[in-house]
Structures are given as structure tokens and as C-alpha cells.
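Each chain, letter by letter, is given below.
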Amino acid sequence: MSNYSIKSLEEYFQVYRKSVRDPETFWEEIAEEHFDWRRKWDNVLQWDFSKPQVKWFDGAQLNITENCLDRHLQIRGHKTAILFEPNDPQAEAEHITYRDLHERVCRMCNVLKENGVSRGDRVCIYLPMIPELAITVLACARIGAIHSVVFAGFSSNALATRINDCDCKIVITSDGSYRGAKILDLKSIVDSALEECPQVSHVLVAKRTGQKVQMKAGRDKWLEPLMEQAYADFPAEIMNAEDPLFILYTSGSTGKPKGMVHSCGGYMVYTAYTFKNIFQYREEDIFWCTADIGWITGHSYIVYGPLANGATTVMFEGIPTYPDSGRFWEIIQKHKITQFYTAPTAIRALAKESLDFVTKYDLTSLKVLGSVGEPINEEAWHWYNNNIGKGQSPVVDTWWQTETGGIMISPIPYVTPTTPTFATFPFIGIQPALMDDAGNEIYENQTQGKLCIKFPWPSMARSIWGDHERYKNTYFTAFDNCYFTGDGAFRDEVGYYRITGRVDDVIIVSGHNLGTAPIEDAINEHPAVAESAIVGYPHDVKGNALYGFITLKEFGETRDRDNLMKEINQKIAEQIGPIAKLEKILFVDGLPKTRSGKIMRRILRKIASNDTENLGDISTLLNPEVVQNIIDATS
Ligand code: PRX
């Protein structure tokens, strides 16, 4: 039996039991046998969810990039580490070997150092999916600086909020980015963000599109010449296992995004171990995760997990529909992809297109199909399984979160029998629990409850940057001695989990986590708006779409409604980004409120979903009459 590579269901049960009965010995063995440490830990685990405090491998010293790069140089220096597939299908793919990547990361370290970055500093990375993104991430890790990657689809306001929250002094960006047939002007987004961030003293700009950009003297520098001049070696900074590796922002129920802080040691161990097993990774495989590195999926399963295993990981710059809807399948054929990991929203969008886009290509290289980010509905699951996997490649529906760092509930392909819409069993070391509304654990199967995790796992976020109290309140106060995920789940008779969706005010749209509060704040900034409430409703491609119920100030009543809708969505795009735009807007006379003045979103959700038969008890509302008005307005 190998604890590191699980090959049968029996082995899964054995290893799982071991990981739960004696987690410390279990993780100690994994950590010891499969990673390079400069110094061993003093303790495998110390934890107290009431504080909350969690430390894995404390006292150990390492640098994650020695595990992702240096240790591979001898045996696989000439192997492709990053396979870059550009937006333009005619442009040549770039094979960056482990040796090249090591060298480019070291050069980048020297560039960052010369521009004032040192251990512990926060570095904001706002780049498209080009090699410089992965290189900068790794360079920060090698220096011991804390990277904060901001998805390059976020607006300048959202970027400024994130830069200021963790007080970055430097931003790495590019002149522009390609997205299908569009070119986005990234540098000017950074420029307007930095009007709000006076502390940023350096901006390094990678050249991608070649478009003309403004360079602010004394602050902005082109990256390329600095990289060319930089020395190609850089000794890795020796970090403590519990030192922060990165901050990644995720939406919450309140306005401000939460900067989840991940640590060096535990994160490395868990992402590498999950990558190996959940994708059944073998040395000759070509792994492709279609996420953007701006999200946790990209951090863990484009960069760190694959590279820690010495894998070839694909970075795709483009979108699934450019130049046509066959792009994903063309890339799978071209690079002989063995594991493909994408989001249900992409599957649903591509399933709407002609099957000719799929059948044109040879997909026989595929061994594992992954899904992540939102529940995968049955129809999409079957389409993926039948047409992409041809019934031969197991679909792994992986449930996890920015906060969890790595995959938590998932089948192990060729090991766990899959069932559509079920993420199946907890991964090794993960102890889920379902809770009822009274806060008690539900032990029976065939039940639904709020999903919690009872025991720490190595890659869990350690805090929210600058606000440990919020970390505690968000995740550790709803249920005693448990991490609360914010999701609901159903557990069937064999113990398989199906994630039923968020139980808080976060809505997952096209796999993106959107808090309602920041969107409402953006809408309320429009001078004609009095009040707003956002809810999600089912959408056949996006999973959920956003429905905004908005009341207007008196003078707004006279405005042209179509223009108002455009302006409101424009406001949202400016404040957050286009991903948060509303699909539907309804101007109403009033919003249903409780006597304490709280908006009853439950009712709005039902109305948005066309489920007005079962509105429940509305008699306790302060203003029950508005409900019928809203229903009438929707029809
Ligand atoms: O609601 C769950 C949903 O996505 C949320 C986490 O979003 P984020 O932090 O952006 O991370 C996404 C990528 C890991 C979860 O709370 N979610 C994620 N994966 C699944 C899912 N819902 C159902 N099934 C999944 N496989």
C-alpha cells in the first residue's frame, strides 16, 4: 500500500482511516517522504479552532520553489514545466522547461529585489495568463515576498481596494491582454487604480500586446530589459512552514473582500498530494487546468500542485470560444492533454454548440476530466462524460474553496465510482460534518445540512489579512469547534456528498464567487438609486445569474429606464468588473423588509426564480404589500 498514490477503493478506505485516526503521523510521513525541507518541524500540528489558530509543520524550514523547481533540475531539467498556449491559435506554443523556468524565476527575483522587494513584502500581480504571471508568482515565493494576484478582469477600483488592503508597494502588470478578438488595456486600469494607492512606488510592465501605454517616470519600468540584465541565479530564501506564502482575495457577505492568507508548508504538501491523487498524475502526463491564475484553482492546480510533482502544466491565454467553440478540444488534441480540469459554466456553454466542434478532434489522450467552482448539473455532467470523455475518462467533481487551498471532496479517478452531481467522498485527511440549524451534527445519511469541516487540514487558510477577528467570525463562530464552509450539502446512503450551493449571501456566477454586498454598494452609488437588493436565480449557462431589485429616488423616476439599467451595470463594471453585471434589473416601489429593516432576500430569490407559489409566511413583513407589486412588475 502506498499512502502517496491511491490505486483502489480499498486502499482509499485504509488510507482515509489512517489519516483520520492519526493525522499527525499520516501527514508527517507524506511531508517527510515527498518534499525537500531545509529543517524538519518541531510539531506536525498545533490547533485550536476557538482562537482560531492552526499550525502545520511549525519550525520546519523550506522554500516552496526549491520543491517546485530546483529539485527537478537534475532529473527533469529538460522536461517542459509550463506549456504556454497563446490566445492566437496560429501563434506558436511555448515550451518552458524546468531549467528555463528556474532561470527566469531567478532573474525575476533579482529584478524584484532591485526594485525594493524583500521577504514579507506584499507584491500585487495584475497580469493576464502569460508566462510572466507564473514566473512572478514563483519569484515572490522564492524571495519570501507574499504575492497577491488580482484577476486581470477586475476593475481599477477593485484592484485599488486589494492593493491597499495588504499595502503593496509594487505592482507587476502588462501593457495589455488578449481575450479572444479583444485587447484589454491593463496598464491604464493599473494607472487609474494607483491614483488611490500613493504608497505604490514601482510598477513593472511586461510587454504583451505592444500597444502604446503611459509610463510614469520614476515609477514605471518595462520588465523585459530588466530581466535580460538580471543575474540568472538567486538563492531561495529559507522560510518557516507557517510563513505566509500568498494572499488571495475572495468575496464575502459584506463589502470588503477577504484576503485569505495561505502558508508555505502545509499548502505545498496538500496541493501536491491532492494533485497527484485526484488527477492520478503520471510522469509523462500533460495536465491542463483552464482556470486563471487569478483564482485559487490556478494557484493550486496550474502552479504549485503540478510543479511540486514535476508535471507539465498548460497555461492557456485565451477563451473557450475563440476563434470558435472548438478551441478547448483543439488544444487537447494538439498537446495530447491527459487531464483536463475546467468549470461547469464552460461545459454548459460549449454543450450548447454543435457537436461537430468536438467530434472534429481526437480526444483519446484524455484520462481524467475535472470539474470545479460550482455544482455541475446532471445534463452537463453527462455531456462532459459522454462527449469529451467518451465514457472512458472519469469525471472528478472537485469541491473546495479559496479558503481551503486544495480539493476537499472529490472522487479519485479509477478508484471512486462516480455519480453525476456528487463530489462523492471526502479526500484523505478531510473530516466533513453536516450540521442542522440548531448547530448539532447530523450523523445519519440521506440528509442535508450545512457543510463544516471538523479537523484542520494542511492547506487551510490561516487568517484574513489584517483582520483575524473577521476570519474567526466568518468561519469559526457559526458552529462550535468547526470550520463552516458557507455551503449546504446532501449526504446519500453510502456517504457521498452533493454540494447544494451557498447558504449565505455569496452567489456563484459562472464559477465566480460574488458577494451581494459589494454589488449593492456599487449600485447604490448611482445618484438615481435609493436602495437595491441582489439575488441569484438559476441560469442555464452561468449556473446562477444576478437579479437586481432596485428602488429609485424621486428624481430617478423620471429617467429613461433602459439608460438607467446601462448606467447601473456600467457602475458595477467600474467598481468590481464586468463579471458582476446584472442579468436582469427590475425597478420596484419598495423592497420587502422585516420589522428590523432587513431586506428579505429569501422572498426576492423566489420571485427571481419564478417560484411565487411558495413564498412562505410574509405576514411578519413590515410592508407585505410590496411583494404583490413586485410579482406584478415581473409579469
Ligand atoms: O459554493 C462552493 C462552490 O464554490 C465556492 C468556492 O468558491 P471559490 O472560493 O471561488 O473557489 C472556487 C474554486 C475552488 C464553494 O463554497 N464550489 C466549488 N466547487 C464546487 C462548488 N460547488 C459545487 N460543486 C463543486 N465542485
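Parameters and conventions
Residues numbered from 1 in each chain as written. Predicted model: local features only at pLDDT ≥ 70, side-chain atom pairs only at ≥ 80, totals over all residues. Heavy atoms only, no water. Pairing = 2+ DSSP bridges. Helix = DSSP H or I, 4+ residues; strand = E, 2+ residues; numbered from the N terminus. Contact = heavy atoms within 4.5 Å. Axes fitted to C-alpha atoms, helices over the stretch in contact; angles between N-to-C directions. Near = heavy atom within 4 Å. Polar contact = N/O pair within 3.5 Å; in protein donor to acceptor, adjacent residues only side chain to side chain. Areas by Shrake-Rupley, 256 points an atom, 1.4 Å probe, with all protein chains shown as cover. Nonpolar A, V, L, I, M, F, W, Y, C, P; charged D, E, K, R; others polar. Buried < 20%, exposed > 50% of the residue type's maximum accessible area, 1.4 Å probe, protein only. Parallel < 35°, antiparallel > 145°, perpendicular 65-115°, else oblique. Left-handed = near helix turned anticlockwise from the far one by under 90°. Expected span 1.5 Å × (residues − 1). Arc of directions from axis to C-beta. Core = buried A, V, L, I, M, F, W, Y, C linked by side-chain atoms within 4.5 Å. Phe/Tyr/Trp six-rings, centres within 6.5 Å; stacked < 30°, edge-to-face > 60°. Lys NZ or Arg CZ within 6 Å of the ring centre and 35° of its normal. Domains from an automatic or database assignment. Buried area = accessible area lost by both parts, 1.4 Å probe. Salt bridge = Lys/Arg side-chain N within 4 Å of Asp/Glu carboxyl O.

Chemist: What should I look at first to understand the sheet that holds strand β12 (residues 220–222) in this one?
Modeler: Whenever strands of a sheet pair, they do so through backbone hydrogen bonds, lying parallel or antiparallel. Read across the open sheet, the eight strands follow the order β12-β11-β8-β6-β7-β14-β15-β24; overall the sheet is mixed. Only two strands of the sheet have a single neighbouring strand rather than two, namely β12 and β24 (463–464). Judged from the three bridges that link them, strand β11 (residues 202–206) and β12 form a sheet pairing that is parallel. By the bridge assignment, V203 is partnered in β12 with D220. Across the sheet, helix α6 (residues 131–143) lies against β6 (122–126), β7 (146–149), β8 (170–174), β11 and β14 (244–250), angled at about 175° from β6, the strand it touches most. Packed on one face of the sheet, helix α10 (residues 265–278) meets β14 and β15 (258–263) and runs near 85° to β15.

Chemist: Is there a simple way to think about the site of the ligand in this case?
Modeler: Around the ligand, the structure places 17 residues, and the nearest of them are D397, T398, T402, D487 and R502. A distance of 2.8 Å separates an oxygen atom of the ligand from a polar side-chain atom of R502. Taking 540 Å² as the accessible area of the ligand by itself, protein coverage stands at 95%. Of all the secondary-structure elements, those providing two or more residues to the shell around the ligand are α11 (296–308), β20 (395–398) and β26 (497–502). Residue classes in the shell around the ligand are distributed as seven nonpolar, six polar and four charged.

Chemist: Where do I start with the environment of S510 in this structure?
Modeler: With respect to the element layout, S510 can be found in the loop between β27 (506–509) and β28 (512–515). What makes S510 partly exposed here is its relative accessible area of 23%. Through-space distance from the C-alpha of S510 to that of H539 is 9.4 Å; in sequence the pair is 29 residues apart. In contact with S510, other than residues within four places in its own chain, are T345, E374, K542 and N544.

Chemist: Even after reading the chapter, I still don't get the packing of helix α5 (residues 98–114) against α6, so can you show me in this structure?
Modeler: A pair of packed helices can be characterised by two numbers: the angle between their axes and the separation between those axes. It is at 8 Å that the axes of α5 and α6 come closest, and there the two elements cross at 65°. Judged by the inter-axis angle, α5 sits roughly perpendicular to α6. Crossing angle aside, the handedness with which α5 passes α6 is right-handed. Here L101, H102, R104, V105, C106, M108, C109, L112 and K113 of α5 come into contact with α6, specifically with P131, E132, I135, T136, L138, A139, C140, R142 and I143.

Chemist: Help me understand helix α2 (residues 23–34) in this model?
Modeler: Because an α-helix completes one turn every 3.6 residues, residues spaced three or four positions apart along the sequence face the same direction. Its 12 residues place the ends of α2 17 Å apart at the C-alpha level, agreeing with the 16 Å of an ideal helix rising 1.5 Å per residue. Those residues of α2 lying buried are P23, F26, W27, I30 and A31. What you see down the axis of α2 is that its buried residues fit within an arc of 125°, all on one side.

Chemist: Would you mind showing me how to read the sheet that holds β26 here?
Modeler: Taken in spatial order, the five strands of this open sheet run β22-β21-β23-β25-β26, and their pairing is antiparallel. A single partner strand is all that each edge strand has here, and the edge strands are β22 (441–442) and β26. With six bridges connecting them, strand β23 (residues 447–453) and strand β25 (residues 483–491) associate as antiparallel partners. The residue bridging G449 from the neighbouring strand is A489, located in β25.

Chemist: Would you mind showing me how to read the nonpolar core here?
Modeler: Generally speaking, soluble globular proteins have nonpolar side chains that are buried together. Residues W37, F57, L101, L112, Y273, F279 and Y304 are the most contacted members of the largest nonpolar core, which totals 127 residues. Element by element, the count of residues in this core is highest for α6, at nine residues. The residues touching Y273, leaving out its near neighbours within four places in the chain, are N3, Y4, I6, V15, F26, W27, I30, F427 and I428. A160, V200, L514 and L552 belong to the second-largest nonpolar core, a separate cluster that totals 45 residues.

Chemist: I would appreciate a short explanation of the pairing of strand β30 (residues 543–552) in the present structure.
Modeler: Residues in a regular strand project their side chains so that they alternate between the two faces of the sheet. When you tally the buried positions in β30, you get eight out of 10 residues, the bulk of the element. Looking at chain direction, strand β29 (residues 529–539) and β30 are connected through 10 bridges and run antiparallel. Looking at the pairing, G536 lines up with L546 of β30. Taking the residues that link successive antiparallel strands as the turn, the β29-β30 hairpin has three residues.

Chemist: Explain the side chain of H335 here, please?
Modeler: Along the polypeptide, H335 turns up in helix α12 (residues 327–335). What makes H335 buried here is its relative accessible area of 9%. Those residues in contact with H335 that sit more than four places away from it in its chain are L83, E85, A93 and I286.

Chemist: Could you clarify how one ought to interpret helix α7 (residues 156–165) in this entry?
Modeler: Most of α7 is tucked away: seven of the 10 residues are buried. Of the residues making up α7, those classed as buried are S156, A158, L159, A160, R162, I163 and D165.

Chemist: Help me understand the packing of aromatic side chains, please; the structure alone is not making it clear to me.
Modeler: Geometrically, a pair of aromatic rings is defined through the distance of the ring centres and the angle of the planes. Inspection of every chain in the model, using the stated rule, returns 53 aromatic pairs. Both rings, one in Y301 and one in Y341, keep their centres 6.2 Å apart while their planes meet at 75°; by these two values the pair is edge-to-face. You can see Y301 sitting in helix α11 and its partner Y341 sitting in strand β18 (residues 339–342), a full 40 residues away along the chain. Of the two residues, Y301 and Y341, neither departs from the other in class, the shared state being buried. One aromatic cluster in this structure is built from Y4, F26, W27, W37, W41, W56, F57, Y270, Y273 and F427. Taking NZ or CZ as reference, R162 lies 4.3 Å from the ring centre of F154, over its face. Above the plane of the ring of W222 lies K207, whose end atom (NZ or CZ) is 4.5 Å from the centre.

Chemist: What am I meant to see in the domain arrangement of the protein here?
Modeler: One frequently used descriptor of interface size is the decrease in accessible area upon assembly of the parts. Assigned domains of the protein: these are domain 1 (2–472) and domain 2 (506–634). Using only C-alpha atoms to locate each centre, domain 1 and domain 2 end up separated by 33 Å. With 19 residues of domain 1 in contact, the opposing surface of domain 2 contributes 22 residues. Where domain 1 abuts domain 2, roughly 1,500 Å² becomes buried across the two surfaces, and 51% of that area is made up of carbon and sulfur atoms. At the boundary of domain 1 and domain 2, one finds one salt bridge. Here D540 ties to K352 by a salt bridge, and the two come within 3.0 Å at their closest N and O atoms. Where domain 1 touches domain 2, the interface holds 12 residue pairs in polar contact (both at pLDDT 80 or more). Every element with two or more residues in the side of domain 1 that touches domain 2 is listed here: α7 and α13 (344–351). Considered class by class, the residues forming the side of domain 1 that touches domain 2 number four nonpolar, 12 polar and three charged.

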